[in-house]
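Chain and residue survey
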Amino acid sequence: MKRYLLPGVLLLAVLAYPLLVAGYPVYERLGALVLLGAIGASAWNIVGGYAGQVSVGHAVFFGFGAYSAVVVYTHLGWPPIAGAPLGMVLSVALAAVIGVPTLRLSGHYFSMATIAVAELVRVLSSTSEFLGGAQGLGGPAMPRTVFDLSFISATPFYYIFLGVLAFLLGVTWWIERGRMGFYLRAIKDSERAARSLGVSSGRYKLYAYMLSGAFTSLAGSLYLCMFGFVDPESGFGILISVKMVVMAALGGAGQLFGPLVGALILVPLEELSNSYLGGRGAGLTFVVYGAIIVIIARFLPSGLLSLLERRPATRRSSAKSGIASGHAD
């Protein structure tokens, strides 16, 4: 019974958060942003955390989702959220196209290849009149129907994002406990050894990449619905990819709740710097991200959640030492 007490309290706090901060729009928006960041980072975690393929070009899928949502409104008059399935299909197709050659690369070569693809798409989008060029495109100025997902308060977005995140975490948990999860972890530990045991590493890395791209695209569509505007930088900018990587790594890449923990820390930190420093905080963001990456690489390569795993292990080892010394006496 005690084992479920803390998770139950945390779940209740998450569900009640908008009610606790009702009347404070800043905190309502912050809660929604944390969940949106967790969705993007959790999507990246499927391929980057479990499979060990560190993509720094996931912004390309995020941008596909955001632009698909705004394009169906601008050119067809549909609700922006109707473009989410289109963005997911396009992202899966793109992941299949670029994943076949790039996933054969390893380490920083794969990371550089994904950056190159994302930057190429960003440049192309800035010259496309269909996508609004460098100025970008905007969604509905006024809500027409409830399907436009245009709300004055951030509370509806909070619960929508919470539902999507819960579904994504459920899918990730199912993968983690299944054959695909075992294969991905084996590939991450040693791809050569996994191949020698009969694991089709190329196929499973591609599956993870495609699934990750689909959910990242959904995060981009939700971003557009909340903010109502996207341009090449906010859709395909490299900082979007860096945020996903840092959030997942900070909390614990390859762990179910690692990206959520990273988002809980990084998003409020970014919002505070933007609030106090305004436009000057943009450059500071890169400095903070760089410092976090250095700290993680040096002191916490497994993320913050690894600290919770070490404590029980330490207690067990201490207990065993005490028993052993007792026998010795």
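Up top you'll find the structure we're talking about.
Residues numbered from 1 in each chain as written. Predicted model: local features only at pLDDT ≥ 70, side-chain atom pairs only at ≥ 80, totals over all residues. Heavy atoms only, no water.

1. Focus: empty space enclosed by the protein
Short version of the rule: Both site types are read off a 1 Å grid over the protein atoms alone. A 1.4 Å probe that fits but cannot get out defines a cavity, while an open set with protein on both sides within 12 Å along at least five of seven lines defines a pocket; lining residues have an atom within 4 Å of a point. Grid points are joined across faces, edges and corners, and a volume is the space filled by probe spheres set on the points. Helix and strand assignments come from DSSP, with helices taken as H or I runs of at least 4 residues and strands as E runs of at least 2, each series counted from the N terminus. Amino acids outside the nonpolar list (Ala, Val, Leu, Ile, Met, Phe, Trp, Tyr, Cys, Pro) and the charged list (Asp, Glu, Lys, Arg) are all regarded as polar, and Gly is one of them.
This structure, assessed with the given rule, holds two cavities of 30 Å³ or more. Of the voids in this model, the largest cavity is the one considered here, and its volume is about 40 Å³. In terms of lining, the largest cavity is formed by Ile46, Tyr50, Thr172, Ile175, Glu176, Gly181 and Leu184. Counting only elements with at least two residues in the lining of the largest cavity, the list comes to α2 (25–50), α6 (155–177) and α7 (179–189). Per-element tally for the lining of the largest cavity: the top contributor is α6, with three residues. Lining the second largest cavity, in full, are Val56, Gly57, Ala59, Ile115, Ala118, Glu119, Ile238 and Ser241. Only α5 (108–126) and α11 (238–251) provide two or more residues apiece to the lining of the second largest cavity. At three residues, the largest contribution of residues to the lining of the second largest cavity is made by α5. Along the lines of polarity and charge, the residues of the lining of the second largest cavity split into five nonpolar, two polar and one charged.

2. Side note on the environment of glycine 52
Note the cut-off: Two residues qualify as a contact provided that any one of their heavy atoms is within 4.5 Å of a heavy atom in the partner residue.
Counting through the fold element by element, glycine 52 comes out in the loop between α2 and α3 (59–76). Spatially, the C-alpha atom of glycine 52 lies 9.6 Å from that of serine 106, the residues being 54 residues apart in sequence. Sequence-distant contacts of glycine 52, defined by excluding residues within four places in its chain, comprise Val47 and Lys188.

3. A short note on the packing of α2 against α7
Cut-off, in case you're wondering: Geometry is summarised by axes, namely lines fitted to C-alpha atoms with helices restricted to the contacting stretch, and by angles between N-to-C directions that run from 0 to 180 degrees. Small angles under 35 degrees read as roughly parallel and large ones over 145 as roughly antiparallel, with 65 to 115 read as roughly perpendicular and the rest as oblique.
At a minimum axis separation of 8 Å, α2 and α7 run at an interaxial angle of 50°. The orientation of α2 with respect to α7, classified from their angle, is oblique. Only Leu184, Arg185 and Lys188 of α7 make contact with α2, whose side of the interface consists of Ile46, Gly49 and Tyr50.

Everything listed is a geometric property; what it means functionally is a separate question.
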